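Take a look at the letters that make up each chain.
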Amino acid sequence: NQTSAEDAADHYRVDLQAGQATTVAVPPLKQGAIQVELLAATRAIVATSLRTPANTKAVIPDFVPETAGTHYLRATGDLGVASSLLLPPAAPSPP
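Engineer: Quick question: what am I supposed to make of the overall build of the protein here?
Structural biologist: What the protein contains, in helices and strands, is 0 helices and 7 strands. Secondary structure elements of the protein occur, N-terminal to C-terminal, as β-β-β-β-β-β-β. Expressed as a percentage of its 95 residues, the buried residues of the protein come to 31%. By sequence separation, contacts in the protein at least 24 residues apart represent 74% of the contacts at least 6 residues apart. Accessible area of the protein: about 6,100 Å², with a carbon and sulfur share of 54%.

This is how it looks when you write it as structure tokens:
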């Protein structure tokens, strides 16, 4: 019985605002590699994480969506690596 990479991925839905920078960080809760992709509503990949050696987490820094709406995060990693999603709250919109 084989498991595909898609089966092993964690998926998250996020609503982003057009023109508002968003940083996504996924620190592993134990040793291992983590990769994160940010997908548009169409499921097209619009950003891929960087791995930062200082704190071994996957980061998508300062992504600025062109349009507002639903986006998806897909996190994959080494077998057995648990992770936690960090998505800072959106800043209030100006009046």
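Now that the structure has been shown, we can carry on.
Engineer: Looking at this structure, I do not really get the nonpolar core. What am I missing?
Structural biologist: Burial of nonpolar side chains together is a common tendency in soluble globular proteins. Ranked by internal contacts, the top residues of the largest apolar core, which has 13 residues, are Val24, Val36, Leu38, Ile60, Phe63 and Leu73. Elements that contribute at least two residues to this core include exactly strand S1 (10-16), strand S2 (22-26), strand S3 (34-39), strand S6 (57-63) and strand S7 (69-77).

Engineer: What should I look at first to understand the sheet that holds S1 in this one?
Structural biologist: Strand pairing in a sheet relies on backbone hydrogen bonds. The paired strands run either parallel or antiparallel. Read across the sheet, 4 strands follow the order S1-S7-S3-S4 without closing on themselves; strand pairing throughout is antiparallel. Two strands in the sheet have a free side with no partner beyond their single neighbour: S1 and strand S4 (45-48). Neighbouring strand axes in the sheet, compared pairwise and without regard to direction, differ in orientation by 25 degrees on average.

Engineer: Could you clarify how one ought to interpret the pattern of salt bridges in this entry?
Structural biologist: Two side chains bearing opposite charge may form a pair once their charged atoms approach each other closely. Within the structure shown, the criterion is met by 2 salt bridges. Taking the shortest distance from any N to any O, the salt bridge between Arg74 and Glu37 comes out at 2.7 Å. Note that Arg74 is positioned in strand S7 and Glu37 in strand S3, a separation of 37 residues in sequence.

Engineer: Explanation requested: unusual backbone geometry in the structure shown.
Structural biologist: A negative phi holds for most residues other than glycine; trans holds for most peptide bonds. Of note, the phi angle at Arg43 is positive, near 75 degrees, even though the residue is not glycine. Topologically, Arg43 is positioned in the loop between S3 and S4. With a relative accessible area of 48%, Arg43 lands in the partly exposed category. Even without being glycine, Asp62 reaches a positive phi, approximately 50 degrees. Counting through the fold element by element, Asp62 comes out in strand S6. Judged by its relative accessible area of 55%, Asp62 is exposed.

Rules used throughout
- Residues numbered from 1 in each chain as written.
- Predicted model: local features only at pLDDT ≥ 70, side-chain atom pairs only at ≥ 80, totals over all residues.
- Heavy atoms only, no water.
- Helix = DSSP H or I, 4+ residues; strand = E, 2+ residues; numbered from the N terminus.
- Buried < 20%, exposed > 50% of the residue type's maximum accessible area, 1.4 Å probe, protein only.
- Contact = heavy atoms within 4.5 Å.
- Areas by Shrake-Rupley, 256 points an atom, 1.4 Å probe, with all protein chains shown as cover.
- Core = buried A, V, L, I, M, F, W, Y, C linked by side-chain atoms within 4.5 Å.
- Pairing = 2+ DSSP bridges.
- Axes fitted to C-alpha atoms, helices over the stretch in contact; angles between N-to-C directions.
- Salt bridge = Lys/Arg side-chain N within 4 Å of Asp/Glu carboxyl O.

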